[in-house]
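Spelled out, the chains give:
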Number of protein chains: 2
Amino acid sequence: MSAPRPARAVPAVAPAAPEACDVFHIDPARVSRLRGALIAPPTVVDLAETFRALGDPTRVRLLDALSHGELCVCDLARLLGLSESAVSHQLRLLRGLRLVRPRRDGRMVYYALDDRHILTLFRQGLRHVQETPARPAARRAR
Amino acid sequence: MSAPRPARAVPAVAPAAPEACDVFHIDPARVSRLRGALIAPPTVVDLAETFRALGDPTRVRLLDALSHGELCVCDLARLLGLSESAVSHQLRLLRGLRLVRPRRDGRMVYYALDDRHILTLFRQGLRHVQETPARPAARRAR
DNA sequence: TGAATACCTGAGCAACTGCTCAGATGTTTC
DNA sequence: GAAACATCTGAGCAGTTGCTCAGGTATTCA
């Protein structure tokens, strides 16, 4: 409560205050080695941003629908039972991260998954949750 | 503003009000076919939950560190410059989703990635962001 | 040109999230 | 048992998110 908490958008990727971080409790050598092996901060942010985009039920459903082929905003909205505005907002986010790609045709705009990479990532996640045992009570932990 | 918006934790997976959703603008046949091909709602939630867990810079860094081998909470905290409390909270979330696994040894608790699946998913995402062109101005869209 | 259609966008609100703080729990050592 | 250590947990706060609403832009057609 003393120090003003740093804004969350800028993750504390920089090492903590020097006076607190030179000694490691358990395995100093290994921890020091790890320091140099960690993913670079900008990449961390990009990676988290991409996963977070996939981490919402509405966007999962949008991507799932698009995994079967391109669709216009209108049909996406009807298919998923959402307002076109809500769909448009989400597509903008996915577009910004290059997860989907728009194609205008007259007054319609058709959206499709941006590339094969996305589909692979999506399906990998799907396989994980389908093969992971039911997660008994921990499911709603927290 | 008329209807009280449903809680966000229960995504509108159910089809929308019947009177609004029987007719599709563009390709009714295709949309109807898609209806049956979409991922089941509980799976959608699980999938989104898993991706969301990966969708935070702190958790990305935790998983990245653990991808090199198991570490105790204390070293994780020092390595990433976070409080042990913050690390513990995040690990609980990851534990609940079976993304990491604890192993107690005396008063220490060592955490490791739960299985190979996680590492595969993590690296797939990493490859994606590393191969995706710089995302010019859309990066911070919205 | 004007109306209709399909989509986009900013503002604003309720719900959610990640952190800190304070204190609890479990384990080892004296 | 008591003290020290490593970790866990609940409450609470500020920042973020996903939606709706209201109105905007782009395209087609009469």
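Within each chain, residues carry numbers counting from 1 in the order of the written sequence. Labels follow written order: the first chain is A, the first ligand is 1, and so on. Local features in this predicted model are restricted to residues whose pLDDT is 70 or higher, and side-chain atom pairs enter the listing and the counts only when it is 80 or higher, whereas totals over whole chains, interfaces and linings include all residues. Side-chain figures throughout are based on the complete set of non-hydrogen atoms in the structure, without hydrogens or water.

Attention now moves to the overall build of chain A. In terms of helices and strands, chain A carries seven helices and three strands. Along its sequence from the N terminus, chain A presents helices and strands in the succession α-α-α-α-β-α-α-β-β-α. Burial statistics for chain A: of 142 residues in total, 46% are counted as buried. The contact definition used throughout considers only heavy atoms, calling two residues in contact when any of these lie within 4.5 Å. Residue pairs at least 24 apart in sequence account for 46% of intrachain contacts in chain A once pairs closer than 6 positions are excluded. The Shrake-Rupley method, run with a 1.4 Å probe sphere, supplies the accessible areas, and residue values consider only the shown protein chains as cover. Roughly 7700 Å² of accessible area belongs to chain A as shown, and the carbon and sulfur atoms make up 53% of that amount. Going along the chain from the N terminus, every DSSP run of H or I of four or more residues is numbered as a helix, and every run of E of two or more is numbered as a strand. Per-residue accessibility, obtained with a 1.4 Å probe over protein chains only, is compared with the maximum for each type, and a residue is labelled buried under 20%, exposed over 50%, and partly exposed between these values.

This next bit is on the sheet that holds strand E3 (residues 108–113) of chain B. Residues and elements named next belong to chain B. Strands were regarded as paired on the criterion that DSSP finds at least two bridges between them. Taking strand neighbours across the sheet as the criterion, the three strands line up as E1-E3-E2 in an open arrangement whose pairing is antiparallel. Of all strands in the sheet, those bounded by a partner on one side alone are strand E1 (71–72) and strand E2 (100–105). Here E1 runs beside E3; their pairing, made up of two bridges, is antiparallel. Residue pairing in the sheet places Cys-72 in a bridge with Tyr-110 of E3. Contacts from helix H3 (residues 57–66) reach E1, E2 and E3 within the one sheet, and its direction differs from that of E3 by about 95 degrees. Axis lines are fitted through C-alpha atoms, for helices just across the contact stretch, and the angle between N-to-C directions can take any value from 0 to 180 degrees.

In this section: the packing of helix H5 (residues 73–80) of chain A against helix H6 (residues 84–96) of chain A. All names here are of chain A. Taken N-terminus to C-terminus, the directions of H5 and H6 make an angle of 115 degrees; their axes are 9 Å apart at the nearest point. The angle between H5 and H6 places the two elements in the roughly perpendicular class. H6 is crossed by H5, and the crossing has right-handed handedness. Residue-level contacts link Val-73, Cys-74, Leu-76 and Ala-77 of H5 to Glu-84, Val-87 and Leu-91 of H6. Gly falls in the polar group here, along with every residue not listed as nonpolar (Ala, Val, Leu, Ile, Met, Phe, Trp, Tyr, Cys, Pro) or charged (Asp, Glu, Lys, Arg). In the contact of H5 with H6, the residues fall into six nonpolar, no polar and one charged. Oblique is the label for any angle not under 35 degrees, not over 145, and not in the 65 to 115 range, which are roughly parallel, roughly antiparallel and roughly perpendicular in turn. Crossings are sorted by hand: turned counterclockwise from the far helix by less than a right angle, the near helix makes the crossing left-handed, and turned clockwise it makes it right-handed.

Attention shifts here to the packing of aromatic side chains. Think of it this way: a Phe, Tyr or Trp ring, Trp meaning its six-membered ring, pairs with another when their centres are within 6.5 Å, and the plane angle makes it stacked under 30 degrees, edge-to-face over 60, tilted otherwise. Under the definition given, this model contains one aromatic pair over all chains. A centroid spacing of 6.1 Å and a plane angle of 20 degrees characterise the contact between Phe-51 of chain A and Phe-51 of chain B, whose relative ring orientation is stacked. Of this pair, Phe-51 of chain A sits in helix H3 (residues 41–54) while Phe-51 of chain B sits in helix H2 (residues 41–54), which puts the two residues in different chains. Note on Phe-51 of chain B: relative accessible area 0%, which makes it buried.

Right, let's talk about the pairing of strand E2 (residues 100–105) of chain A for a bit. Regular strands show a simple pattern: their side chains alternate between the two faces of the sheet. Taken together, the six bridges between E2 of chain A and strand E3 (residues 108–113) of chain A define a ladder with antiparallel strand orientation. In the strand pairing of E3 of chain A, Arg-101 of chain A is matched with Ala-112 of chain A.

Turning to unusual backbone geometry, a few remarks are in order. Although it is not a glycine, Arg-98 of chain A adopts a positive phi angle of roughly 60 degrees. Note on placement: Arg-98 of chain A falls in the loop between H6 and E2.

Residue and element names in this part refer to chain A. On the basis of which strands lie adjacent, the open sheet formed by three strands has the order E1-E3-E2 and antiparallel pairing. Unpaired on one side and paired on the other, strand E1 (71–72) and E2 mark the two borders of the sheet. The strands that H6 touches are E2 and E3; relative to E2, the one it contacts most, it runs at about 115 degrees.

Buried residues dominate E3 of chain A, accounting for five of its six residues. Taken together, E2 of chain A and the strand that follows it, E3 of chain A, pair antiparallel across an intervening segment of two residues, in which Gly-106 of chain A is found at a positive phi of about 65 degrees.

Okay, the environment of Asp-115 of chain B next. Residue and element names in this part refer to chain B. Checked against the element boundaries, Asp-115 lands in the loop between E3 and helix H6 (116–131). According to the relative accessible area criterion, Asp-115 is partly exposed, its value standing at 30%. Residues Asp-115 and Val-129, 14 residues apart in the sequence, show an inter-C-alpha distance of 22 Å. Distance and chemistry together define a polar contact, namely a pair of N or O atoms within 3.5 Å, with one atom able to donate a hydrogen and the other to accept it when in protein, and with adjacent residues in sequence counting only for side-chain atoms on both sides. A distance of 3.2 Å separates a polar side-chain atom of Asp-115 from the backbone nitrogen of Ile-118.

A few words now on H3 of chain B. Residue and element names in this part refer to chain B. Counting buried positions along H3 gives ten out of ten residues, so the element sits mostly inside the fold. Among the residues making up H3, those that are buried are Pro-57, Thr-58, Arg-59, Val-60, Arg-61, Leu-62, Leu-63, Asp-64, Ala-65 and Leu-66. The N-cap residue of H3 is Asp-56: its side-chain oxygen and the backbone nitrogen of Thr-58 are 3.0 Å apart.

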